Amino acid sequence: MLRISLGFVLASLGISGTALAAAAQPSLPPEDPNAGALAEEEEAGAPAPGETPDPGAPPALGEDPSGALEDPADEGAPADAEATEATDLGETAPEDSSETEDLADTPEGPEASASLDVDASLGADTETEPEPVLDDSPDMVRGRREPAVNSLRGGLGLYHTTLADVGGRHSVRFRLHTDFFSKSGFIYDSSEFGPDKNTRFRGAINLGYSPFKWGEVFFTVESAVNKNARDQPDRQDPVTNFALGDMTLGLKGAHRFYKGGAIGLGGQMALGLLAGADRLAASGVNFNIDALFTLDIRHLTASKFPFRFTTNIGWMLDNSTKLQDWAQQLEPTSREIMRFGLGVNHSRVRMRYAVDFPFRLGKERQFGLNPIVELGWDVSTQEELEVFGQPGAQASPLPRSSLWTTIGLRANVVSGLHLDAAIDIGMVSPNFEFGPPVAPYQVILGLGWSIDPKPPVRKIKVPAPAESTAPAVLDGRLTGRVTDANGNPLVGAKVSFPGLAANPILTDENGYYTSFRFPEGEVSVRVESADGQVAEELAEVREGEDTTLDITVAEASAETAAAGTTGIMSGTFVDDAGNPVKVSMMVVGQGVQEPFDSSEDGQIVLELPTGSYEGTITAAGFSEKKITFEVAEGDQGATVQETLTKLAPVDTPNIKGNKRRISVKKKIRYKGNAVSDKSHAILDELAAFLNGHPEYAQVEIAVYSDDRGNPKKKTSERADAVRTYLVDKGVSPDRVEAKGYGDKNPVAVNMTASGRAKNNRTVLKVTKYTGE
């Protein structure tokens, strides 16, 4: 007996989220006690038993992963092992490879140790890194469109619904997904032979590219396998049906307007090449066309409430029924199962309705979370195909309709990476004459990646000229939008504050701006559009608040008082082979004197006041380079393209390294917990080695000790002292991490002087290697 499932109960789904604005530097991999080469060490005294720890000392860094460090009393070690030869790269330390040199009573003992206390978790450039000015538009992240991925089989969108949006220009999207379900008694249920068990898996790869501001192309390859197991004696269909390599190529156009993009209208069309069963040659062509509409409430509410409504309405010409001569398939159950397994359907009107809630989380809104609910409704427009009729089947309440709902969650977990999960819940199936049955449920799992080649733009705040009077306490800001008389946003308009700030602010692509902080009171605001039209307003700044001030530029002002101008400096940095180099550039001029780091692909984009500048470019393993450049007004203010010269390798005979460790052939000595003068030469050589070998991208300075005194405090301070010395010699603080492991992972027993000498050791581990 044949049976169609006509309705399913929808369960309500409650989703809550808390925006956690927190960002932290990722930690390095955990300690491997068996990795790293032993760099011989000569210990120089330790705190006396019972000594009170220095309250000004920093917290101990790099605890052993077990977290079970002990703090017994400290004592000296004999100096009879000093004549020991150092270990070479990859060798095991000999029995007398380390020694303790008791220098704690010399003038440079505890005082030198205290002077070198440092928190290794802070880089030297922490205070000079400018805070990015975040774009105020709800769908922008650091000057770029928020990352997004394509729908399951179409352009940029949700699951079955396509957004009236194409993303950032030249952005590329990749999506991989699978869906599956399994159910007993899905189509066949015999009182004599029992029900069938139907299982279907489908997978698709989707690529999207937006070559134009309003245009997108997408390409999808999809395959499916359907297995129907049943004890039917006269079945004519195979147990497993394959539909391999169905392809879809489509175009989409969309335009967002009103309030910076609150409304989106668009359309898409696509051609589908059908492969059929057990072969990859195209044997049929589908065509679909859809109208798209999106309403983004984030642009219409002061709180930027994360809510979107999207609908698609279109029609598909479906030629999949031509894949088989269905009249030759005499057994009706076998015919129906083959139709379902091959994905055969009828020409139909397609309607999609969706709501989603796109939250942006994190200090810089770098993470995203998007709950999604969709309703899909297809209505067959094809004449009744009697060949698919099933006598005795239960009639559908909507004979031509396929109806289902989708509930899912998508997360933008890092950069352009998206992970999502959803479930389709079948609601209504059509009569067999008008289409295949709707699956009772369907689990969807997917991942996607969005790539935007546009580098993030950081707007740099420049202090007031030296001759200006010191400002009062800065308490409040002005925020708002600049539009023309018709309500259209003015992009690149200059917003200045006469008498308070020397530099104007440029409005973003949606006309929004955010001012500097000003003292409480009345502020004069002057706006100049790109074509020279001027508007002036007065606003009241309130203490500790953001005051909204929207400005309309109707016509040119009679006054033409000059305001400061800015331009965009774009820099690209490569080596002699044309490979990108990450650099740091100190920019000096026009009131600016700050270092700025490029992206990993060697690009810097800065908005600076117009005028002349000097730049000093530095990069690990490359010669320093000084340049000058002139910033003109506008987007093409200055273009800097520089090729850096690699430093000649420095002779470091006592330092060797491989992908896992760095070997130091001479002893690293300590005086108290500070680096002894006797080890300055070997550490100078180590610094030269690191500066000449940028492929050692991250190195951990791991210090161990015996079980006397306060091992945790001692090893942390010694590791900090070595790191500080290397950083002072030009090694980037991002490349070296200090960790003190106390008395953990001993290599010998602590009952003898020679055993304690071996346990007092420094290990240099390579935690990130970028060479070949």
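Residues numbered from 1 in each chain as written. Predicted model: local features only at pLDDT ≥ 70, side-chain atom pairs only at ≥ 80, totals over all residues. Heavy atoms only, no water.

1. Structural notes on the sheet that holds strand S32 (residues 611–618)
- Judged by pairing direction, the sheet is antiparallel, and its 4 strands sit side by side in the order S30-S29-S32-S33 without closing on themselves. Among the strands making up the open sheet, the edge pair consists of strand S30 (592–597) and strand S33 (625–631). Taking each pair of neighbouring strands and ignoring which way they run, the sheet shows an average axis angle of 25°.
- In this structure, strand S29 (residues 584–589) lies alongside S32, joined through 5 bridges in antiparallel fashion. Paired with Val587 across the strands is Gly615, a residue of S32. (Pairing = 2+ DSSP bridges. Helix = DSSP H or I, 4+ residues; strand = E, 2+ residues; numbered from the N terminus. Axes fitted to C-alpha atoms, helices over the stretch in contact; angles between N-to-C directions.)

2. Points about unusual backbone geometry
- Even without being glycine, Tyr258 reaches a positive phi, approximately 65°.
- You can see Tyr258 is positioned in the loop between strand S9 (240–257) and strand S10 (263–274).
- On the basis of relative accessible area, Tyr258 is assigned to the partly exposed category, the value being 49%.
- Even without a glycine there, the phi angle at Lys259 is positive, about 55°. (Buried < 20%, exposed > 50% of the residue type's maximum accessible area, 1.4 Å probe, protein only.)

3. A closer look at a negative patch on the surface
- Residues Glu520, Glu522, Glu540 and Glu543 make up a contiguous surface patch of negative charge.
- Within the secondary structure, Glu522 is located in strand S24 (residues 521–528).
- Residue class for Glu522 comes out exposed when judged on its relative accessible area of 59%. (Patch = residues over 30% accessible without salt bridge, like charges linked within 9 Å, V, L, I, M, F, W, Y side chains within 5 Å. Areas by Shrake-Rupley, 256 points an atom, 1.4 Å probe, with all protein chains shown as cover. Salt bridge = Lys/Arg side-chain N within 4 Å of Asp/Glu carboxyl O. Lys, Arg positive; Asp, Glu negative; His and termini not counted. Charge placed at Lys NZ, Arg CZ, Asp CG, Glu CD.)

4. Quick look at the pattern of salt bridges
- In total, this model carries 33 salt bridges according to the counting rule given.
- Residue Arg235 pairs with Asp237 through a salt bridge whose shortest N-O separation is 2.9 Å.
- Note on Asp237: relative accessible area 6%, which makes it buried.
- Ionic pairing is found between Glu600 and Lys582, a salt bridge with its closest N-O pair at 3.3 Å. Placement of Glu600 in the loop between S30 and strand S31 (603–609) and of Lys582 in the loop between strand S28 (566–574) and S29 is noted, with a sequence separation of 18 residues between them.
- With a relative accessible area of 61%, Glu600 lands in the exposed category.

5. Section: the side chain of Asp165
- Note that Asp165 resides in the loop between strand S5 (144–145) and strand S6 (172–190).
- For Asp165, a relative accessible area of 11% translates into the label buried.
- Of the polar contacts made by the side chain of Asp165, one reaches the backbone nitrogen of Gly167; its length is 3.1 Å.
- Residues in contact with Asp165, not counting those within four places in the same chain, are Arg145, Leu156, Glu216, Lys252, Ala254 and Arg256. (Polar contact = N/O pair within 3.5 Å; in protein donor to acceptor, adjacent residues only side chain to side chain. Contact = heavy atoms within 4.5 Å.)

6. What about the packing of aromatic side chains?
- Inspection of the entire model under this criterion finds 11 aromatic pairs.
- Note on Phe181 and Phe340: the rings are 6.1 Å apart at their centroids and 90° apart in plane angle, and the pair reads as edge-to-face. With Phe181 in strand S6 and Phe340 in helix H2 (residues 332–342), the pair connects residues that are 159 residues apart, well separated along the chain.
- Where Phe181 meets Tyr441, the ring centres are 6.1 Å apart and the plane angle is 85°; that geometry is what we call edge-to-face. Remark: Tyr441 occurs in strand S18 (residues 441–451) and Phe181 occurs in strand S6; sequence separation between them is 260 residues.
- Given a relative accessible area of 1%, Phe181 falls into the buried group.
- Here Arg230 stacks its cationic end above the ring of Tyr188, 5.9 Å away from the centre of that ring.
- The ring of Tyr512 has Arg481 sitting right over it, with the charged end atom 5.3 Å from the ring centre. (Phe/Tyr/Trp six-rings, centres within 6.5 Å; stacked < 30°, edge-to-face > 60°. Lys NZ or Arg CZ within 6 Å of the ring centre and 35° of its normal.)

7. Some remarks on H2
- Counting buried residues in H2 gives 10 out of 11 residues, a clear majority hidden from the surface.
- Along H2, the residues that are buried comprise Thr333, Ser334, Arg335, Glu336, Ile337, Met338, Arg339, Phe340, Gly341 and Leu342.
- Here the buried face of H2 lies against S6, strand S7 (194–212), strand S8 (215–229) and S9.
- Where H2 begins, one side-chain oxygen reaches toward the backbone nitrogen of Thr333, 3.2 Å away; that side chain belongs to Glu331.
- Just downstream of H2, Gly343 is the residue with a positive phi angle, here 75°.

8. Overview of the environment of Ser450
- By the element assignment, Ser450 lies in strand S18.
- Relative accessible area serves as the criterion here: at 11%, Ser450 is assigned to the buried category.
- Along the backbone, Ser450 and Phe174 are 276 residues apart, and their C-alpha atoms lie at a distance of 6.5 Å.
- In this view, Ser450 contacts Pro147, Ala148, Val172, Arg173, Gly416 and His418; residues no more than four positions away in its chain are not counted.
- Of note is the side chain of Ser450, whose polar atom sits 3.4 Å from the backbone oxygen of Ala148.

9. Describing the sheet that holds strand S21 (residues 494–496)
- In spatial order, the strands read S22-S21-S24-S25; together these 4 strands make up an open sheet with antiparallel pairing. Edge positions in the open sheet fall to strand S22 (505–506) and strand S25 (534–541), since each of these has one partner strand only.
- Note: S21 against S24, 3 bridges, orientation antiparallel. Bridge pairing in S24 places Val495 opposite Val527.

10. Considering the nonpolar core
- Ile662, Leu683, Leu686, Leu690, Ile701 and Leu726 are the most contacted members of the largest nonpolar core, which has 27 residues in total.
- Among the elements of the structure, strand S36 (662–664), strand S37 (668–671), helix H3 (680–692), strand S39 (696–704), helix H4 (711–728), strand S40 (736–740) and strand S41 (761–769) are those that each provide at least two residues to this core.
- Excluding its chain neighbours within four sequence positions, the residues that come into contact with Leu683 are Ile668, Val675, Val722, Tyr725 and Leu726.
- Counting 21 residues, the second-largest nonpolar core is a separate cluster that includes Val592, Leu606, Ile627 and Ala638. (Core = buried A, V, L, I, M, F, W, Y, C linked by side-chain atoms within 4.5 Å.)

11. Observations regarding the pairing of S10
- Direction of pairing for S9 relative to S10: antiparallel, over a ladder of 11 bridges. Each bridged residue has a counterpart across the sheet, and for Gly253 the counterpart in S10 is Gly267.
- Where S9 folds back on S10, the antiparallel hairpin that results is connected by 5 residues, among which Tyr258 adopts a positive phi of roughly 65°.

12. Section: the confidence of the model for the protein
- Confidence along the protein averages 78 in pLDDT terms, with 77% of residues attaining 70 or more.
- Contacts of residues 1–134 to residues separated by more than four positions or lying in other chains number 302 contacts, the stretch itself having pLDDT below 50.
- Confidence over residues 556–563 falls short of pLDDT 50; this stretch has 9 contacts with residues more than four positions distant or in other chains. (pLDDT = per-residue confidence, 0-100.)

13. A closer look at the environment of Ser320
- Structurally, Ser320 can be placed in the loop between strand S12 (308–317) and H2.
- Ser320 gets classed as buried once you look at its relative accessible area, which sits at 3%.
- The sequence separation of Ser320 and Leu273 amounts to 47 residues, and the corresponding C-alpha distance is 9.6 Å.
- For Ser320, the contacting residues outside a window of four places in its chain are Leu274, Asn286, Gly343, Val344 and Asn345.
- A polar atom in the side chain of Ser320 sits 2.6 Å from the side chain of Asp318.

14. As for the packing of H3 against H4
- Packing of H3 against H4 brings their axes to within 9 Å, and their N-to-C directions diverge by 60°. Of the possible angle classes, the one that applies to H3 and H4 is oblique. Where H3 crosses over H4, the handedness of that crossing is right-handed. Here His680, Leu683, Asp684, Leu686, Ala687 and Leu690 of H3 lie close against H4, whose contacting residues are Val722, Tyr725 and Leu726.
- The class makeup of the residues in the contact of H3 with H4 is 7 nonpolar, 1 polar and 1 charged. (Parallel < 35°, antiparallel > 145°, perpendicular 65-115°, else oblique. Left-handed = near helix turned anticlockwise from the far one by under 90°. Nonpolar A, V, L, I, M, F, W, Y, C, P; charged D, E, K, R; others polar.)

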